[in-house]
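Examination of the molecular architecture
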Amino acid sequence: MSTIIVTGAAGFIGSAVCRYLRQNKIAKVVGVDKMTYAATKESLDSLKDDPDFTLVEADICNGAAIFEMLTALNPIGIMHLAAETHVDRSIDRPGDFLQANIIGTYALLEMVRNYLRIIPEDKQKAFRFLHVSTDEVYGSLGASGSFTEDMPYAPNSPYAASKAAADHLARAWHKTFNMPIVISNCSNNYGPFQFPEKLIPLMITKALAGEKLPVYGKGLNIRDWLYVEDHADALYQIFSRGRMGEKYNVGGAAEYKNIDLVNELCKLLDEALPQSAHRPHKNLITYVTDRPGHDERYAMDFSKLNKELGWKPRMTLPEGLKKTVNWYLTNRSWCKDIQLRKYSGERLGQLPVGQK
Ligand code: NAD
């Protein structure tokens, strides 16, 4: 069986990709992860007895380690998801994002380029590199329209800017060095094992504790939501069948205002926890100072992916949210451990008072 390397394998989406590849017996999988605060080994627990899955702790910036891995494993390709990913943290510590997302992608591309030079031509031709990115590179939309692949980039947060830079590197390494690279840009994901700093798990964990639910600004920002397992499927379709040198948008066709989403989560928690002292959970909602540079609206036009590769999301948002709330209710110890050891829900990404 051939081998696929997945970077960022112990993260939220990377772990879903590893589970997808192994559940469908697509290839042997070697996950690479630096095991930052955002990584959790539990997300890969279902693969711990699988002889065709291995997790290697390594930084993608460590070229020597990556090159050694490539020559030892002879993979048929790389699905590159490793990144610093939380917009609010990118406001507090932009340098970490430039290092992981830009330098990390550059280091990885260079090692793959070196590797491709030394392998036989037939293996070179079969090799594929998927660079995984976000809709945030396109900036913010007004009330109508959606992002298409040919839109100019206009990133507004340090996170989005670092991902945009990485996308440009991936594109340039394809154009200049003729490397077999394809790029995906996806909207907001949700589902099991998402680190509880992100909107949906943050709201669920805070509501369970009876804490205030901090909604930024007026809660009117709109995001398009995709269930993580649908994203994993899209990524494999693009990795295996997408045209090299192309870019594919991935979306959920599920636009929601943040406040409507939080209200929906509160309703689901009310239903799931009829004895809770915190019902109705919507009374916990509180509006807080907006995120600096908060994009107003994202929406994805993924018709190219649908037309070329036949992909569309399977999970509806109401169904997916119900599943996700149930997952967090039955996996409270996973969140508790994170809250104790890594992140206890404090506000991140605020500028010092008086600084615009
Ligand atoms: P995540 O933060 O949950 O996981 C990222 C993983 O990358 C972590 O396990 C972390 O340890 C690892 N990592 C970070 N720096 C590394 C380095 N230098 N070397 C090796 N590993 C490193 O993020 P996620 O939500 O799973 O996102 C995965 C990818 O998908 C990212 O590239 C992100 O930009 C992209 N994406 C995410 C979303 C979303 O809604 N979460 C949407 C679109 C695209």
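Scroll up a little and you will see the structure.
Residues numbered from 1 in each chain as written. Predicted model: local features only at pLDDT ≥ 70, side-chain atom pairs only at ≥ 80, totals over all residues. Heavy atoms only, no water.

This paragraph deals with the site of the ligand. Close contacts around the ligand come from 28 residues, with Ile13, Asp33, Thr85, Tyr159 and Lys163 the closest. Alanine 83 has a polar backbone atom sitting 3.4 Å from an oxygen atom of the ligand. If the ligand stood free it would expose 830 Å²; the protein chains cover 96% of that surface. Per-element tally for the shell around the ligand: the top contributor is strand β5 (residues 128-134), with three residues. Tallied by class, residues from the shell around the ligand come to 15 nonpolar, nine polar and four charged. (Near = heavy atom within 4 Å. Polar contact = N/O pair within 3.5 Å; in protein donor to acceptor, adjacent residues only side chain to side chain. Areas by Shrake-Rupley, 256 points an atom, 1.4 Å probe, with all protein chains shown as cover. Helix = DSSP H or I, 4+ residues; strand = E, 2+ residues; numbered from the N terminus. Nonpolar A, V, L, I, M, F, W, Y, C, P; charged D, E, K, R; others polar.)

Once that is clear, we can look at the sheet that holds β5. Here seven strands make up an open sheet; going across it, the order is β3-β2-β1-β4-β5-β6-β10 and the pairing parallel. In this open sheet, the two edge strands, each paired with only one partner strand, are β3 (53-57) and β10 (247-250). Going from strand to strand, the sheet's axes swing by 20° on average, the running direction of each strand aside. Relative to strand β6 (residues 181-186), β5 runs parallel, the two sharing six bridges. Across the sheet, residue serine 133 finds its bridge partner in β6, namely asparagine 185. Along the sheet, helix α1 (residues 12-23) makes contact with β1 (3-7), β2 (28-33), β3 and β4 (77-80), crossing β1 at roughly 165°. Contacts from helix α8 (residues 228-241) reach β1, β4, β5, β6 and β10, with the element oriented near 140° to β5. (Pairing = 2+ DSSP bridges. Axes fitted to C-alpha atoms, helices over the stretch in contact; angles between N-to-C directions. Contact = heavy atoms within 4.5 Å.)

The subject of this paragraph is helix α9 (residues 258-272). For α9, with 15 residues, the first-to-last C-alpha span of 21 Å sits near the 21 Å given by 1.5 Å per residue. Residues of α9 that are buried include every one of Asn258, Ile259, Leu261, Val262, Glu264, Leu265, Cys266, Leu268, Leu269 and Asp270, and no others. Residues of α9 that are buried make contact with α7 (199-208), β8 (213-216), β9 (222-227), β11 (255-257), β12 (285-288) and α11 (317-330). (Expected span 1.5 Å × (residues − 1). Buried < 20%, exposed > 50% of the residue type's maximum accessible area, 1.4 Å probe, protein only.)

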